[in-house]
Amino acid sequence: MSDNPLGTTRPENLLHRILDSDIFYSFIRSPVTVVSAIVAAIFFFAAAFAPWVAPHNPFDPATLDLMDAFTPPAWEADGTPNFPLGTDDQGRDILSTIIYGSRVSLIVGFSAVLFSMVIGVGLGLLAGYLSGWVETIVMRMADVQLTIPAILVALMIDGVAHILLPIHLRDEMAIYVLILAIGISDWPRYARVTRGATLVERNKEYVSAARVIGVHPVKIMLSHVLPNVMGPVLVLATIGLALAVITEATLSFLGVGVPPTQPSLGTLIRVGNNFLFSGEWWITLFPSLALVTLVLSVNLLGDWLRDALNPKLR
Amino acid sequence: MTAYILQRVFQAVAVMIVVAFVSFLLFNFVGDPVDNMVGQEASFEDREAMRDSLGLNDPFIVQFGRFLGNAVQGEFGISYRLQRPVAALISERMPATLELVGASAILSILLGIPLGVYTGIKRYAMSSRTILTLSLIGVSLPTFVIGILLIYVFSVNLGWLPSFGRGQVTQLGWWSTGFLTVSGWKAIIMPSVTLALFQMTLILRLVRSEMLEVMRTDYIKFARARGLPDRMINFGHAFKNTLVPVITIIGLNVGSLIAFSIITETVFQWPGMGFLFIQAVGFADIPVMAAYLVLVAAIFVTINLFVDILYFVVDPRLRVERTVSAGGGE
């Protein structure tokens, strides 16, 4: 990546090294990327610090007033600055529900990506490094799963888990079930990429050298091969985050995701959709807009990262 | 050639058996089927008699064999929720889904390929960049959000198009079609656009990147040096060679169209298989879920198989590579 050309001295300071790298140069040269990074950062920040950032706490029944229900956004005739984006049927502030909703969406998204990354990269490393029957089994499993679209796999796992869980646990466990379902639905992509990259690295001299001096295979895989295959995996993970957020929203929209008591962006859109025909468009359109903006900015970052890490396009 | 096709067919059968096994497990072990059929006050003896008559006391393998036999004949039992044979329910709903998927596939191909070729050829034109940026927005718009936006604009505000259902349908034998009435055509516009948009952007981006790749090759440069007209180079030489991956993706996309039709059908309350499936998930209606899973997997596997074989027919290089590296892994 940031290979140092021969003859120049490498700046010692980490900050200098980052500012001096090719990646940073290509980042700062692309205004679209900078903007999407800022937008994504705002989302992450607001989601992480939701209780402090959100103007209201939409899930504290004590602060809710049914008299506030269906207030339109502030710039409409009946709007008030107290609820900038209006309120829903229970008088909850839309802006606050969006902030709390992105929090749920992003928690599920990040955890699901992490989950599928751990499974996929682990199995991919094993398959690529060990080859033989391990490789055959892992890759066939990935092939079989890739025959069926990820959303359907997630839907199926989610649906079955709902049925298996006792009723009183369903709402509590919904988030974990979602993470599991989305995580499992996406591992084959990581396994394929990791295996491909591992096959290339396996035959390089540093790996042979490590093997010859008797380093344990697990150690070779984790501390030598893994860092060298992380580039393409990171690109996948970035785009995977966007995908996971969409999948979560879709499942919640279909009514099998997180419950309305702890809504994600998808749940908010689903609930708001009921009021679209009676003219309360803001209840569903603002969460939709937030979802699209979040996903778009993450997608743009992923696109840029893929190009920046691809030596062919330099 | 024969060996390759046989290997693929074998793989397809293996996938189907795995899927059938999963749905068999669902069928028999998620919830107690007997509980779902007898009333609360049925006695222990009644239940045992029921278990025997359903064959639930037979060995596992026997049960699985029977399930496979029934599944091959399209027999999936009775829906818990609707108390009707699952096979009848699905065949009733299938035309709606297939018409929707067909319309979307045609729409996405007719728009995606020309736009992809255009943005590939005119790489630096402002119009191409605009199309590409819009396509990225298309990828980021979840299917259901597109549907909601369309409903908001064209049904709620303008009142031009219906927001749910298939309109007036005509019965042709067992097939019900919406294409013979004006209301049917009006009803399919928004769902098919919603479903097609995402696939269209995928096809567009794929065709574009394949065109860019081909444009860099020596034989294109040579064709240019020979002074061939641009039209000839672009369509006769370049586009033709992008077709292999494009066919693959389009084939596979028909599969994902069926999967995504679940979402579109829910948004527009389109009376197809996907809507049936989602309602089944909500009610834990296992026979319908299992049947849908098997059916959709069968469709995917068939498409994959055809695409694989087509690949082989379209690209002579694959045949050569196969014979050279016969027996060597992938």
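Residues numbered from 1 in each chain as written. Chains lettered and ligands numbered in written order. Predicted model: local features only at pLDDT ≥ 70, side-chain atom pairs only at ≥ 80, totals over all residues. Heavy atoms only, no water.

With that out of the way, let us pick up the overall build of chain B. Broken down by element type, chain B carries 13 helices and two strands. Within chain B, contacts between residues at least 6 apart in sequence are counted, and of these 70% link residues at least 24 apart. For chain B, the accessible area works out to roughly 16,400 Å², and carbon and sulfur atoms hold 67% of it. (Helix = DSSP H or I, 4+ residues; strand = E, 2+ residues; numbered from the N terminus. Contact = heavy atoms within 4.5 Å. Areas by Shrake-Rupley, 256 points an atom, 1.4 Å probe, with all protein chains shown as cover.)

All right, on to the pattern of salt bridges then. Residues and elements named next belong to chain B. Tallying each qualifying case throughout the model produces six salt bridges over all chains. Measuring nitrogen to oxygen at the nearest pair gives 2.8 Å for the salt bridge that ties arginine 84 to glutamate 92. Of the residues examined, arginine 84 reaches a relative accessible area of 33% and is grouped as partly exposed. Note on glutamate 92: relative accessible area 44%, which makes it partly exposed. (Salt bridge = Lys/Arg side-chain N within 4 Å of Asp/Glu carboxyl O. Buried < 20%, exposed > 50% of the residue type's maximum accessible area, 1.4 Å probe, protein only.)

It is worth spelling out helix 12 (residues 282-309) of chain A at this point. Here helix 12 of chain A contains 28 residues, and its C-alpha end-to-end distance of 40 Å stays within 8% of the 40 Å for a straight helix at 1.5 Å per residue. In terms of burial, helix 12 of chain A is a largely internal element, 22 of the 28 residues being buried. (Expected span 1.5 Å × (residues − 1).)

A few words now on the confidence of the model for chain B. All names here are of chain B. When pLDDT is averaged along chain B, the result is 78, and 88% of the positions lie at 70 or above. Mean pLDDT values for the elements of chain B range from 59 in helix 13 (residues 316-324) up to 86 in helix 5 (residues 86-121). Every residue in residues 324-330 scores below 50 in pLDDT, and together they form three contacts with partners more than four places removed in sequence or on other chains. Reported confidences for the modelled complex are a pTM of 0.80 and an ipTM of 0.76. (pLDDT = per-residue confidence, 0-100.)

Core analysis: the largest hydrophobic core is formed by 117 residues, its most contacted members being Leu152, Leu155 and Leu291 of chain A together with Phe144 of chain B. Not counting residues within four places of it along the chain, the set of residues in contact with phenylalanine 144 of chain B comprises Ala249, Thr250, Phe253, Ile269 and Leu291 of chain A together with Ile263 and Val267 of chain B. If you look at the next biggest cluster of nonpolar residues, it comprises 15 residues, including Ile203, Ala238, Phe239 and Val246 of chain B. (Core = buried A, V, L, I, M, F, W, Y, C linked by side-chain atoms within 4.5 Å.)

Attention now goes to the side chain of serine 288 of chain A. Its place among the elements puts serine 288 of chain A in helix 12. The buried category is assigned to serine 288 of chain A, whose relative accessible area is 4%. Serine 288 of chain A has contacts with Ile269 of chain A together with Val145 of chain B, leaving out every residue within four places of it along the chain.

Our next topic: the packing of helix 7 (residues 150-164) of chain A against helix 10 (residues 230-268) of chain B. In a packed pair of helices, the relevant descriptors are the angle between the two axes and the axis-to-axis distance. The contact between helix 7 of chain A and helix 10 of chain B brings their axes to 8 Å, and the two run at 60°. Taken together, the axis directions place helix 7 of chain A and helix 10 of chain B in an arrangement best described as oblique. Residue-level contacts link Ile151, Leu152 and Leu155 of chain A of helix 7 of chain A to Ala259, Phe260 and Ile262 of chain B of helix 10 of chain B. A per-class count over the contact of helix 7 of chain A with helix 10 of chain B returns six nonpolar, no polar and no charged. (Axes fitted to C-alpha atoms, helices over the stretch in contact; angles between N-to-C directions. Parallel < 35°, antiparallel > 145°, perpendicular 65-115°, else oblique. Nonpolar A, V, L, I, M, F, W, Y, C, P; charged D, E, K, R; others polar.)

Our next topic: the packing of aromatic side chains. We describe a pair of aromatic rings using the distance from one ring centre to the other and the angle between the two ring planes. Applying the stated criterion across every chain, the model contains seven aromatic pairs over all chains. When the centroid spacing of 4.5 Å and the interplanar angle of 20° are considered together, the rings of phenylalanine 277 of chain B and tyrosine 292 of chain B count as stacked. Of this pair, phenylalanine 277 of chain B sits in helix 11 (residues 273-283) while tyrosine 292 of chain B sits in helix 12 (residues 286-314), and the two are 15 residues apart along the sequence. Overall, phenylalanine 277 of chain B belongs to the buried group, its relative accessible area being 0%. Taking relative accessible area as the criterion, tyrosine 292 of chain B reaches 3% and is therefore assigned buried. Put simply, the rings of Phe45, Phe49 and Trp52 of chain A touch in pairs and so form one group of aromatic residues. (Phe/Tyr/Trp six-rings, centres within 6.5 Å; stacked < 30°, edge-to-face > 60°.)

Glancing now at a nonpolar patch on the surface. Residue and element names in this part refer to chain A. A cluster of nonpolar side chains, contributed by Phe45, Phe49, Trp52 and Val53, occupies part of the molecular surface with about 470 Å² of accessible area. Within the element layout of this structure, phenylalanine 49 appears in the loop between helix 3 (31-48) and helix 4 (50-53). Overall, the relative accessible area of 38% leaves phenylalanine 49 in the partly exposed class. (Patch = residues over 30% accessible without salt bridge, like charges linked within 9 Å, V, L, I, M, F, W, Y side chains within 5 Å.)

Residues and elements named next belong to chain A. For helix 7, built from 15 residues, the straight-helix expectation of 21 Å at 1.5 Å per residue is met to within 8% by its first-to-last C-alpha distance of 21 Å. Of all 15 residues in helix 7, eleven are buried, a share of seventy percent or more. Within helix 7 the residues assigned to the buried category are Ile151, Leu152, Val153, Ala154, Leu155, Met156, Asp158, Gly159, Val160, Ala161 and Ile163.

Okay, the packing of helix 12 of chain A against helix 6 (residues 126-140) of chain B next. Put simply, helix 12 of chain A and helix 6 of chain B touch, their axes get as near as 9 Å, and they point 120° apart. Put simply, helix 12 of chain A runs oblique to helix 6 of chain B. Between helix 12 of chain A and helix 6 of chain B lies a crossing of right-handed hand. Contacts from Val292, Val295, Leu296, Asn299, Leu300 and Asp303 of chain A in helix 12 of chain A reach Leu136, Ile137, Val139 and Ser140 of chain B in helix 6 of chain B. Split by residue class, the contact of helix 12 of chain A with helix 6 of chain B holds seven nonpolar, two polar and one charged. (Left-handed = near helix turned anticlockwise from the far one by under 90°.)

Let us now look at the interface of chain A and chain B. You'll often see interface size given as the accessible area lost when the parts meet. Contacts between the two partners involve 37 residues from chain A, matched on the other side by 41 residues from chain B. The interface formed by chain A and chain B contains one salt bridge. Residue aspartate 303 of chain A is joined to arginine 205 of chain B by a salt bridge in which the shortest nitrogen-to-oxygen separation is 3.1 Å. Along the contact surface separating chain A from chain B lie one residue pair in polar contact (both at pLDDT 80 or more). At the level of secondary structure, the elements contributing two or more residues to the side of chain A that touches chain B comprise helix 6 (132-147), helix 7, helix 10 (217-254), helix 11 (265-273) and helix 12 of chain A. Looking at the side of chain A that touches chain B, the element that brings in the most residues is helix 12 of chain A, giving eleven residues. Classifying every residue of the side of chain A that touches chain B gives 25 nonpolar, seven polar and five charged. (Polar contact = N/O pair within 3.5 Å; in protein donor to acceptor, adjacent residues only side chain to side chain.)

Our next topic: the environment of glycine 279 of chain A. All names here are of chain A. Tracing the sequence through the fold places glycine 279 in the loop between helix 11 and helix 12. When its relative accessible area of 35% is taken as the criterion, glycine 279 is described as partly exposed. Note: C-alpha distance between glycine 279 and alanine 237 (42 residues apart in sequence) is 39 Å.

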